[in-house]
Structure formats: structure tokens, C-alpha cells
Amino acid sequence: MRPFQEEKLGLALFHHHLLADYWTETLSGRSFKLLEQLIPLSWVLDPAPLPPGAVLDGPRVGGAP
């Protein structure tokens, strides 16, 4: 990976739904709200094929994947 891609990966982890509890416990309410406004929605992309039984957790449009 190139440096600019690694930075985007870190930002994408901020909005990952499985880490939401971690961020709200670790950050103050004010910091969390500020970062939520500043960091654009991003998703972690991996070109590897999905293994059997895996779930693709991608962006949603109108509530649908």
C-alpha cells in the first residue's frame, strides 16, 4: 500500500460499525462528534474474493446494501 491509502484506511475504521462502541468509550463526546463531522464516510476495500460464509459489509444507499 502507498502512504495515502494507509491513511484512508485508518479514517475508514473510524466509521466502521463494529468499532462504534470502542470510539464512543475511548473519545470524549465532544471529540467524537467533531471527528464524526470531519472524517468523511469511507469503506475498507479488499480485492480478495470472499470466503464461504463471509459477509460483505459495504456502503448502504437508502438503507439497502
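This text follows the structure it describes.
About the criteria used
Numbers given to residues run from 1 along each chain, matching the order in which its sequence is written. Selection of residues for local features in this predicted model requires a pLDDT of at least 70, selection of side-chain atom pairs for listing and counting requires 80 or more, and totals for whole chains, interfaces and linings are taken over all residues. Note: side-chain values were computed over all heavy atoms of the structure, leaving out hydrogens and water. For the purposes of this entry, the term helix denotes a DSSP run of H or I that reaches at least four residues, the term strand denotes a run of E that reaches at least two, and both are numbered from the N terminus. The cut-offs for exposure are 20% and 50% of the maximum accessible area for each residue type, with area from a 1.4 Å probe on protein chains only; residues under the lower value are buried, those over the upper are exposed, and the others partly exposed. All accessible areas in this document rest on Shrake-Rupley with a 1.4 Å probe, and a residue is counted as covered only by the protein chains that are shown. For this analysis, a ring pair means two rings from Phe, Tyr or Trp (six-membered ring only for Trp) whose centres lie within 6.5 Å, classed as stacked if their planes differ by under 30 degrees, edge-to-face if by over 60, and tilted for the remaining angles. The patches reported here contain residues having more than 30% relative accessible area and no salt bridge. Joining distances are 9 Å for like charges and 5 Å for nonpolar side chains (Val, Leu, Ile, Met, Phe, Trp, Tyr). Criterion for a salt bridge: a side-chain nitrogen of Lys or Arg within 4 Å of a carboxyl oxygen of Asp or Glu. By definition in these notes, contact holds between two residues if any of their heavy atoms fall within 4.5 Å.

Visitor: Tell me about the overall build of the chain, and please be specific about residues and values.
Guide: Looking only at helices and strands, one finds three helices and zero strands in the chain. Ordered by position in the sequence, the α and β elements of the chain form the string α-α-α. For the chain, the residues scored as buried account for 9% of the 65 residues in total. Of the accessible surface of the chain, which amounts to about 5,700 Å², a share of 62% is contributed by carbon and sulfur atoms.

Visitor: Report on the packing of aromatic side chains, specifying residues and quantitative values.
Guide: Under the definition given, this model contains three aromatic pairs. Pairing Phe 14 with Phe 32 gives two aromatic rings, centres 5.5 Å apart and planes at 40°, and the pair type is tilted. With a gap of 18 residues between them, Phe 14 in helix α1 (residues 3–14) and Phe 32 in helix α3 (residues 29–38) connect regions that are remote in the sequence. For the pair formed by Phe 14 and Phe 32, the shared burial category is buried. Ring pairing ties together the aromatic residues Phe 14, Tyr 22, Trp 23 and Phe 32, which thus form one cluster.

Visitor: Before we move on, can you summarise a nonpolar patch on the surface with the specific residues and values?
Guide: Side chains of Leu 9, Leu 13 and Val 44 sit close together on the surface and give an oily, nonpolar patch of about 200 Å² of accessible area. Residue Val 44 is classed as partly exposed on the basis of its relative accessible area of 43%.

Visitor: Can you explain the side chain of Ser 42? Please cite residues and give values.
Guide: Along the chain, Ser 42 falls in the segment after α3. Here Ser 42 falls in the buried class, since its relative accessible area comes to 10%. In this structure, Ser 42 is in contact with Lys 8 and Ala 12, ignoring residues within four places of it in sequence.

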